[in-house]
Each structure stands twice: as C-alpha cells, then as structure tokens.
Amino acid sequence: MEVVKEDYFEPCCRWKKGKDSDSIDIDLDGFEIKDVKVRLTAAKKHRYEITITAECPKLLRKKIEIPDDYYNLEQIRAFFLNGNLNLQLPKKDAKLEISMPKLEIKETLQEFTHDLENKIDSAVEYLASKGNIAAVAVMLMASGLFAYKYYTECYGF
C-alpha cells in the first residue's frame, strides 16, 4: 500500500514550561494506547529526538527534538489517557519528587462524593415533599452523570 502525504495526521501539541519539568500535551483523539508508540533516540550531537508514531485510524509521525543537557533523559515519561498523550520532561537541575496523585484524588473524591450524596439526598427529599417529581428525576440523572464524569476522569475509562 502506498502512503500518500494527505494520509498523515498532524496533532495539536501544547508545550507547558514548568519549574521542575516541562510537559507536552498531544491530542490524539481517535487513537488507542495500543496504536501509539513513543521512542527516544539520539538525533545529533547533544540532541535527542522523541518520535511518536501511530497507524490507526490515521497515520501519525511526530518528531520533537530536545537537548540532552537540559532534560534528565532517564526520567522522561509518557502517559496516554482519553485520547491525550502527555510527555513529562524532568529538568536536570530539578529535584525529583515522588508522589501518588491517584491516591490523593481517590481520597478527595471519596470525601467529595460522600458530601455530594448528603446534599443530593437533602435536595431530593425537599423536592419530593413539594411534589416536584420531574425535578427529582432531573437531579438524580444529573448526579449520576456527574459521578460518571469524575469516575472516568480519575480512573481513565
């Protein structure tokens, strides 16, 4: 099969500068994690290249050059979630901090969910006592959608 230049996809990339690390967010809507490959290779003297490739449903070839004296190459990480590829580029002078954000999010989410349940129960009881059944149904549907949205964002489904 001959690949035509029009078959290639150029993703939207956002480079965010930080104090201890930089990050690159790349929109890859329509791609799945099994389709995406990320490689780090030597490009030129004192330069490295991050190559991102994917072949389903579109073709993607993205190359990003980075200096080896600015970033800690051994600690570069790639995360793929909900069609977004995030590359973390720790700086050489930065102190490495180890954290577990998912656990913190989970604890915060559990506290928030418990508080939200109490508020929803109160609102539903009030609306039901006033005979506004349609508003009760809307509240229950909205709370379910709200919970689903946060569950999928936290756990990556």
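Before reading on, note that the structure itself is shown above.
Here we summarise the structure given alongside this text. Since the structure is predicted, the reported quantities are computational estimates derived from the model, not experimental observations.

Conventions used here
- Residues numbered from 1 in each chain as written.
- Predicted model: local features only at pLDDT ≥ 70, side-chain atom pairs only at ≥ 80, totals over all residues.
- Heavy atoms only, no water.
- Pairing = 2+ DSSP bridges.
- Helix = DSSP H or I, 4+ residues; strand = E, 2+ residues; numbered from the N terminus.
- Disulfide = S-S within 2.5 Å.
- Buried < 20%, exposed > 50% of the residue type's maximum accessible area, 1.4 Å probe, protein only.
- Salt bridge = Lys/Arg side-chain N within 4 Å of Asp/Glu carboxyl O.
- Phe/Tyr/Trp six-rings, centres within 6.5 Å; stacked < 30°, edge-to-face > 60°.

## A closer look at the sheet that holds strand β4 (residues 36-44)
Line of reasoning, step 1. Sheet architecture is open: four strands sit in the order β1-β6-β5-β4, paired in mixed fashion. Lying at the two open borders of the sheet, with one neighbouring strand each, are β1 (8-9) and β4.
Line of reasoning, step 2. Note: strand β5 (residues 47-54) against strand β6 (residues 59-67), eight bridges, orientation antiparallel. Along β6, the bridge assignment pairs Thr-51 with Lys-63.

## Some remarks on the state of the cysteines
Line of reasoning, step 1. Evaluation of the coordinates by the stated rule reveals zero disulfides.
Line of reasoning, step 2. No disulfide involves Cys-12; its sulfur sits 6.6 Å from that of Cys-13, the nearest cysteine.
Line of reasoning, step 3. For Cys-12, a relative accessible area of 43% translates into the label partly exposed.
Line of reasoning, step 4. The exposure class of Cys-13 is partly exposed, given its relative accessible area of 33%.

## A short note on the pattern of salt bridges
Line of reasoning, step 1. Under the definition given, this model contains eight salt bridges.
Line of reasoning, step 2. Here Asp-25 and Lys-16 are joined by a salt bridge, their closest N and O atoms 2.8 Å apart.
Line of reasoning, step 3. Asp-25 gets classed as buried once you look at its relative accessible area, which sits at 7%.
Line of reasoning, step 4. Note that Arg-47 and Glu-65 form a salt bridge whose closest N and O atoms lie 3.3 Å from each other. Note that Arg-47 is positioned in strand β5 and Glu-65 in strand β6, a separation of 18 residues in sequence.
Line of reasoning, step 5. For Glu-65, a relative accessible area of 33% translates into the label partly exposed.
Line of reasoning, step 6. Through salt bridges with shared partners, one network takes in Lys-17, Asp-22 and Lys-91.

## Remarks on the packing of aromatic side chains
Line of reasoning, step 1. This structure, assessed with the given rule, holds one aromatic pair.
Line of reasoning, step 2. A centroid spacing of 4.8 Å and a plane angle of 85° characterise the contact between Tyr-70 and Tyr-71, whose relative ring orientation is edge-to-face.
Line of reasoning, step 3. For Tyr-71, a relative accessible area of 2% gives the class buried.

By themselves, these figures tell us nothing about what the structure is for.
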